Structures are given as C-alpha cells and as structure tokens.
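Observations on chain architecture
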Amino acid sequence: MLSSVDVSLIDWSRAQFALTAMYHWLFVPLTLGLGAIIGIMETVYYVKRDDFWRRLTQFWMKLFAINFAVGVATGLILEFEFGTNWSNYSWIVGDIFGAPLAIEGIVAFFMEATFIAVMFFGWKKVSPGFHLASTWLTALGATFSAWWILVANSWMQYPVGMEFNPETVRHEMVSFVSIALSPMAIVKFLHTVSSGWMTGAVFVVGVSSWYLLRGRQQQFARASLGVGTAFGLFACFFAMFSGDMSGVTVAEKQPMKLASFEGLYDGSEHAPFTVAGPIQIPNMLTFLATHKMTAFVPGINDILNGGYELEDGTKALSAEQKMAYGREAMASFTAFREADKAGDMAAAAVAKKDLMEKMPYFGYGHIQSREELVPPVPLLFWSFRIMVGLGGLFVLLFVALLFLIIKDRLMKFPLLLKGAVACIPLVYICSQAGWICAEVGRQPWAIQDLLPVSAAVSGIQTASVQITFFLFLLLFTVLLVVEIRIMLQAIRKGPDMQ
Amino acid sequence: MYWLTKVFRFYCDGFRSMTIGRTLWIIIIVKLVIIFVLLRIFFFRPAMSHLSPQEKQNHVADELLQPKSGLLNESSGQIHVVPIH
C-alpha cells in the first residue's frame, strides 16, 4: 500500500511561515532596541531636567511609534497559519502553547496599550517620574512579549516539561516552570533580545551619522550617537555572551544544527572553527561548543552513524536505530488506540507503557532515509557566518565611534560615519541570518525528534497556500514601503529642538 | 467615575493633538481590517474547525500514524507515504 502527499504543500506552507515570520521580525527588533534607547534618553532627561534631552527623546519616540504602528499585529498572521496550515501541529501542542501565548497576549495588550498611551500623550499630563516609568514599562512590556513567544519557540527546539497523552493525542504540560525556564528558552531570549538592542543601536547611530554628514542637528546627532554607541557596544558584548551560551546549548541539545552551522561532517576532540574556505582556527569549535579544550564534537556523519559517547556516558544511537524506535512507538500508539477502542484496558496500558518508552523517538517513525535528517548545510553555514561576521563588524564600528567620540575627532572620519549609515540595512541582514540559523537548523523537525514538518502540515490545497503566500508578500511589502517612507520623511524633517 | 472621565479625557486629548499619529492610526486600522476581515474570514479558516474534539483527536492520530517522508519523487513531484504495517 502506497499513498502520497504533495511535497509542494509542505514547501509552500514552510515558505509562507518563513515569509511571515521574517517580515514580522523586521519590525520587532527595532521596537525592542529603540524602546530601551528612548528609556535611557528619557532617564537622562529625568536626571538632568534639561529640555534638550526631552526633545531628543521625543524625536526617537516618534520613530519608535512609526515602527510600532506598522509592525503591530503582523505576528497575529502566524497564529492564523498555525490553525490553517499546521493544524496537526496546533492540536498536538495546544496545551503547551496556550499558556505562554495567552500570557504574551495579555502582557502585550495591557502593558503596552496602557503605558504606550501615557508615553505619547502624557508629556504634559503626568509627572516626569510617572512618564519615565511608563516609557520603561512599554519597553519592558515588549521584552516580556518576546520572552513568551521565545518560550514557545524554544519548546519546539527542546521539548521539555510535558507528557504525551495518547488519548487526547496531545503533548500536555506537566511543568510550566520547566517550559518557561528551559535552558533553551533562557539563551534564546537573551540572544534574541540583545540582537534587538543591537538593531536599535545601529539604527540610532546610523541616523545620527546621517545628520552629522549633512551638517544638520549637530548637537542632537552627537548626543544620540553617544547614547547609541555606548548602548550598542553593551548590546554587542551581551549578544556575544548570550551567543556563546546559545552555542553550548545547541551543541548539547541539537548537535545536528551545530554540525550544519560548521559544515562539520566528521567530528573530533579538537574540532577547528572554519572562518571561511580553508581558513580555520584550530580547536576553536571544541572550545566554543563545550567550553573545554578537549571534548568530542560530533559531525554530521557521527550523528547519523551514532556510537560516540554522550555527556551522560551512554552511546549515541544511529539514525537507523532511532528510526526503528520511532516505528515501534508508532506501532505501540496504534496498538493503544485499538485496545482503547475495544475497551481492553490492560492491553491499552501495556501499549501506552511501550509508547512512552519510545516516545522520545516518535518523530523518527516518519523518517524514511537518513538524508532527511540533515538540514541544508550550505545555507546554514553561510547564514551563521553572515550573522557572526556582521556582529563582529558592529563591535568594530561601535569601538571606533566610541574612541572618536572620546577624542572629539568624529568629524575627521566621514567615511566611518558613512559606514555607520550603511550598517542600518546590514543589521537587519544579521538579524534575519540569525533566524535562518535557528529555524532552518532544526529541520526536518517542527518539534525536535517528535514531529517532522511533513506530519505537522494540514492536508489542504497547495493552491490556497500559494494564494495567501502572495497576498502576504504584497501586504507586508506595502507595509514595509509605507514604514520606510514615513520613517524617511520623519528623519528628513528632523527633530524639533526649539 | 471621576477616574474614568479623567482617563477618557486623557485619551481624547491625546488623539486630538496627534500629528503623524493620525496617519499611523489609519495604517493600524486598515491593517487590522485586512488581517481580521479579509484574511481571517476568507483565507484562514482553521482546517479542523468543522470537527468535534473527538474527531480532531482521531484525525490527528490518523495523520500521525501515516508516516510522510520529505523525500521528493522526481518523476511525480509527490512524496511517498509508506505505511509502517
């Protein structure tokens, strides 16, 4: 017996989700970064009570508002896609995702909606202290929102705190704390938020540099550049620190993803880090992945072949062994359903016990060949290098700017200011490359080891997914063009410093 | 009641004094109409909304027990689904 499903349905559904998430992610990092920066600027105003800093804060707040207004609710489309294109997945994870997404909705709506109004309307209506608190609470609200979204995302990368219930066919939450504070969630949150801070800082520095190059708003631009540079440098180091933590976590929980980042086919105890082409740093990958000088980092072939020693002293299983366990889990699930239907509770209990033993490999039952377990290596290899390389470039930019600000020689290096302007699009490329690493790197899994994307997708018409894909492409492109136009108009007009 | 009036006035005055904010509100409203009316009603009906919870369970279980690989059959553009039993 052989049946089939159109592979293009999976590809189009994935493409649509990727398109929506990536467009949504154009707006979010700037909200996170600018939110923190205007909080700092207003704090300076609160301390100094100098009207210059109030007007400076108000200008960046205006750009924050433009980005916030255009970006708000674009993430909701992702939730529509869950129900329509990924209905199997949505059913299976409903119990896990319900709590974090509900908290995110409540926090985002109440915290941001309340305090953002005070932030924009309250300059002359509330006390400076209350206004400052509202600004910080708006930024904090956006950051908390990101936390809960990333908790849900991290659970897909490292599913913990749940138990599969074969009666409801759902993963049910048994420990909220394990899910909310899983190591994957913590590092993903820190790294994602710090990348958002970097985006905000590069944006502020780039726009300020443009004013300096044009000879406009010198005092305003210098002050903004100072805040942006100092905060950007802090954000870069924080992103490096959280990125390092993320590397260790990925090495432990998703070794195939790490091996794909590095294009590492055969592992070793002294694995080098490939910079690009033949340029390698000896032993560097081992150190970055394990924080030890000698430790085995498995390559793609090692992970497929198994047999190497894991952290807990056990031997890694081969792809074929995992696929066999996956099929056994599926057979136990079938036996459970049949026994349950027949009312044979003893047989159902035995089948459930067998299912639970093999459940960690359930998704492998869908895998037909070991090649399916390898994500697209060239895309990941280069995306990782683009992310890290651009991150390094921003460190150099901020260090150089800080040095010149301290030495008061900023205007003698117009090329650096031009470079800062050019970094605005680059920081978005850096951020998007990071998402490609995180999401493409976990393929073929929708939920790591438990559910491949091929089993998560709904059996709907490919044509309907194609239509909505192009509708979204149009909608988001219009939104992006509108945002850029309004933003450029506001920047050209400049701040009202009188 | 006093507080409610105060909050109401706060928002009213705020909206009245907006400059660029008016354009942004138009963008937000048009976008929400597109998302919730056009997309949600006409294009994004939940795929299993017509099923009861019991039927949803059975449907998803059936789907989970029908392995679908991601390998492309070059001749047909279809992926083969090989039952495990």
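The structure under discussion appears in the preceding block.
Presented here is a report on the structure given in the accompanying data block. (Residues numbered from 1 in each chain as written. Chains lettered and ligands numbered in written order. Predicted model: local features only at pLDDT ≥ 70, side-chain atom pairs only at ≥ 80, totals over all residues. Heavy atoms only, no water.)

**Details of the pattern of salt bridges**
Residues and elements named next belong to chain A. According to the stated counting rule, one finds twelve salt bridges over all chains in the structure shown. Between Asp 51 and Arg 55 there is a salt bridge, with its nearest N and O atoms 3.4 Å apart. Of this pair, Asp 51 and Arg 55 both sit in helix H2 (residues 51–71), four residues apart, which is roughly one turn of the helix. (Salt bridge = Lys/Arg side-chain N within 4 Å of Asp/Glu carboxyl O. Helix = DSSP H or I, 4+ residues; strand = E, 2+ residues; numbered from the N terminus.)

**A few points about the interface of chain A and chain B**
Listed per partner, the contact involves 64 residues of chain A and 51 residues of chain B. Interface area for chain A against chain B, summed over the two sides, is near 4900 Å², with a carbon-plus-sulfur share of 74%. Of all residues in chain A, A:Phe80, A:Trp91 and A:Phe121 give up the largest surface area on contact with chain B, accounting jointly for 14% of the area buried on that side. Where chain A packs against chain B, one counts one salt bridge. With a shortest N-O distance of 2.9 Å, B:Asp62 and A:Arg337 are connected by a salt bridge. (Contact = heavy atoms within 4.5 Å. Buried area = accessible area lost by both parts, 1.4 Å probe.)

**Topic: the nonpolar core**
Residues A:Trp60, A:Leu63, A:Tyr89, A:Phe203 and A:Phe394 are the most contacted members of the largest nonpolar core, which totals 149 residues. The element contributing the most residues to this core is helix H1 (residues 7–48) of chain A, with 16 residues. Of the domains in this structure, domain 1 (2–45) and domain 2 (50–85) of chain B are the two that each give at least three residues to this core. Counting 14 residues, the second-largest nonpolar core is a separate cluster that includes A:Met256, A:Tyr308, A:Ala316 and A:Leu373. (Core = buried A, V, L, I, M, F, W, Y, C linked by side-chain atoms within 4.5 Å. Buried < 20%, exposed > 50% of the residue type's maximum accessible area, 1.4 Å probe, protein only. Domains from an automatic or database assignment.)

**Focus: the packing of aromatic side chains**
Scanning all chains against the criterion turns up 43 aromatic pairs over all chains. Note on A:Trp197 and A:Phe231: the rings are 5.7 Å apart at their centroids and 55° apart in plane angle, and the pair reads as tilted. Note that A:Trp197 is positioned in helix H7 (residues 183–214) and A:Phe231 in helix H8 (residues 218–253), a separation of 34 residues in sequence. Site record: aromatic cluster; members linked through ring pairs are A:Tyr23, A:Phe80, A:Phe472, A:Phe476, B:Phe36 and B:Phe44. One Lys or Arg, A:Arg170, reaches over the ring of A:Trp91 and ends 3.9 Å from the middle of that ring. (Phe/Tyr/Trp six-rings, centres within 6.5 Å; stacked < 30°, edge-to-face > 60°. Lys NZ or Arg CZ within 6 Å of the ring centre and 35° of its normal.)

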